[in-house]
Amino acid sequence: MSDSQPAYGRVLLKLSGEALMGDLDYGIKPVVIQRIAAEVAEAHKLGIEIAIVIGAGNIFRGAGLARSGMDRVTGDYMGMLATVMNSLAFQDALEALDVQARVMSALSIHKVSEDYIRRRAIRHLEKGRIVILAAGTGNPFFTTDTAASLRAIEIGADVLLKATKVNGVFDSDPMTNPGAVHYETVSFDRVLADKLKVMDATAIVMCRDNNLPLRIFDLTQKGALVSAMRGDKIGTVVSR
């Protein structure tokens, strides 16, 4: 890890809900969320302004519920509420480390979170608080990947960091193909043309059209999250 100043002043971190499960089949594994929170807190001490979007795959996804016969809009709203649950859990893990955090929701749930207001979110970041952005975009049919891209652009993040279980982008699935080729850098257009599984197409197009670089890295590697936030060479950078 470099000892130089962080390359980024403000980042948006996209965490999957599955990242919170560890080896569980469902829900949140306390030791895992505590480890991730500790790494976020370490990066925060470097002076990096951090916003976070967390998915809900550890509880359920709207698209999955729709495939089971539920109305898609209803399922998506349930998924949004599940992201609020994950966000509250992560806020609690950060506050246990004496790090100030605020949950801001695209759905109004005043008892447990603030409404997402762009200027207020930026103000929280400027005051050194970590902002956890819940409930996606507040609209059905949009993934939390798209929400992460949208929020990163809105708050003026220098980079969108996506934490996964693999160390970046490959030309095929490295879980099933040991010979998969790893990309250190790749263009947004290549990701779209080759249908590389990075984020959904809407999220990729938003990043491309707003010149927002995307870094994909392996969250399971100890210290990788801090390295990614510092701008160290890790994972894959997707850019123009």
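Thresholds, definitions, all that
- Residues numbered from 1 in each chain as written.
- Predicted model: local features only at pLDDT ≥ 70, side-chain atom pairs only at ≥ 80, totals over all residues.
- Heavy atoms only, no water.
- Helix = DSSP H or I, 4+ residues; strand = E, 2+ residues; numbered from the N terminus.
- Rg over C-alpha atoms; globule rule 2.2 N^0.38 Å.
- Contact = heavy atoms within 4.5 Å.
- Areas by Shrake-Rupley, 256 points an atom, 1.4 Å probe, with all protein chains shown as cover.
- Lys, Arg positive; Asp, Glu negative; His and termini not counted.
- Charge placed at Lys NZ, Arg CZ, Asp CG, Glu CD.
- Pairing = 2+ DSSP bridges.
- Expected span 1.5 Å × (residues − 1).
- Buried < 20%, exposed > 50% of the residue type's maximum accessible area, 1.4 Å probe, protein only.
- Salt bridge = Lys/Arg side-chain N within 4 Å of Asp/Glu carboxyl O.
- Core = buried A, V, L, I, M, F, W, Y, C linked by side-chain atoms within 4.5 Å.

Before going further, it helps to examine the overall build of the protein chain. In terms of helices and strands, the protein chain carries eight helices and eleven strands. The C-alpha atoms of the protein chain give 17 Å as radius of gyration, which agrees with the globular expectation for 240 residues (18 Å, within 12%). Across its three principal axes, the protein chain shows a C-alpha extent of roughly 50 × 45 × 35 Å. The long-range share in the protein chain, meaning contacts at least 24 apart out of those at least 6 apart in sequence, stands at 71%. On the protein chain, roughly 11400 Å² of surface is accessible, and the fraction owed to carbon and sulfur atoms is 51%. Here the protein chain contributes 28 positively and 27 negatively charged side chains, and the mean placements of these two sets differ by 3 Å.

We now examine the sheet that holds strand β10 (residues 214–218). Read across the open sheet, the nine strands follow the order β4-β3-β5-β2-β1-β6-β10-β11-β9; overall the sheet is mixed. Looking at which strands have only one partner, the edges of the open sheet turn out to be β4 (114–115) and β9 (185–187). For strand β3 (residues 101–105) and β4, the ladder comprises two bridges, and the chain directions are parallel. Among the inter-strand pairings, methionine 104 is bridged to a residue of β4, identified as glutamate 114.

What follows concerns helix α1 (residues 30–45). Its 16 residues place the ends of α1 22 Å apart at the C-alpha level, agreeing with the 22 Å of an ideal helix rising 1.5 Å per residue. Turning to α1, its buried residues are Val32, Ile33, Ile36, Ala37, Glu39, Val40, Ala41, Ala43 and His44. On its buried face, α1 sits against β1 (10–15), β2 (49–54), α3 (72–95), β5 (130–134) and α8 (224–230).

With that settled, the discussion passes to the pairing of β5. In terms of burial, β5 is largely enclosed, as five of its five residues are buried. Side chains Ile130, Ile132 and Ala134 project from β5 onto one buried face, and the interleaved Val131 and Leu133 project onto a second face that is buried too. Where β2 meets β5, three bridges bridge the pair, whose relative direction is parallel. Paired with valine 53 across the strands is leucine 133, a residue of β5. Alignment of β3 against β5, held across five bridges, turns out to be parallel. Bridged to arginine 102 within β5 is valine 131.

Oppositely charged side chains are able to pair whenever their charged atoms sit close together. Overall, the coordinates contain twelve salt bridges when judged by the stated rule. We note a salt bridge from arginine 35 to glutamate 39, for which the minimum N-O separation is 3.0 Å. Residue arginine 35 and its partner glutamate 39 are located together in helix α1, separated by four residues, close to a single helical turn. Its relative accessible area of 31% is what places arginine 35 among the partly exposed residues. We note a salt bridge from aspartate 189 to arginine 208, for which the minimum N-O separation is 3.0 Å. Taken together, the residues aspartate 189 in helix α6 (residues 188–193) and arginine 208 in helix α7 (residues 201–209) connect sequence positions 19 residues apart. What emerges from the salt-bridge pattern is a single network uniting Lys14, Asp145 and Lys162.

This brings us to the nonpolar core. In this structure, Leu13, Ile36, Val40, Phe90 and Phe217 are the most contacted members of the largest nonpolar core, which totals 40 residues. At the level of elements, β1, α1, β2, α3, β3, β5, β6 (159–164) and α8 are the ones that each hand at least two residues to this core. Counting residues per element, this core draws most heavily on α1, which supplies seven residues. When near neighbours in sequence (up to four residues on either side) are disregarded, isoleucine 36 contacts Leu15, Ala19, Leu20, Phe90, Leu219 and Leu225. Core analysis: the next-biggest nonpolar cluster, separate from the first, contains 30 residues, Val131, Ala148, Leu160 and Tyr183 among them.

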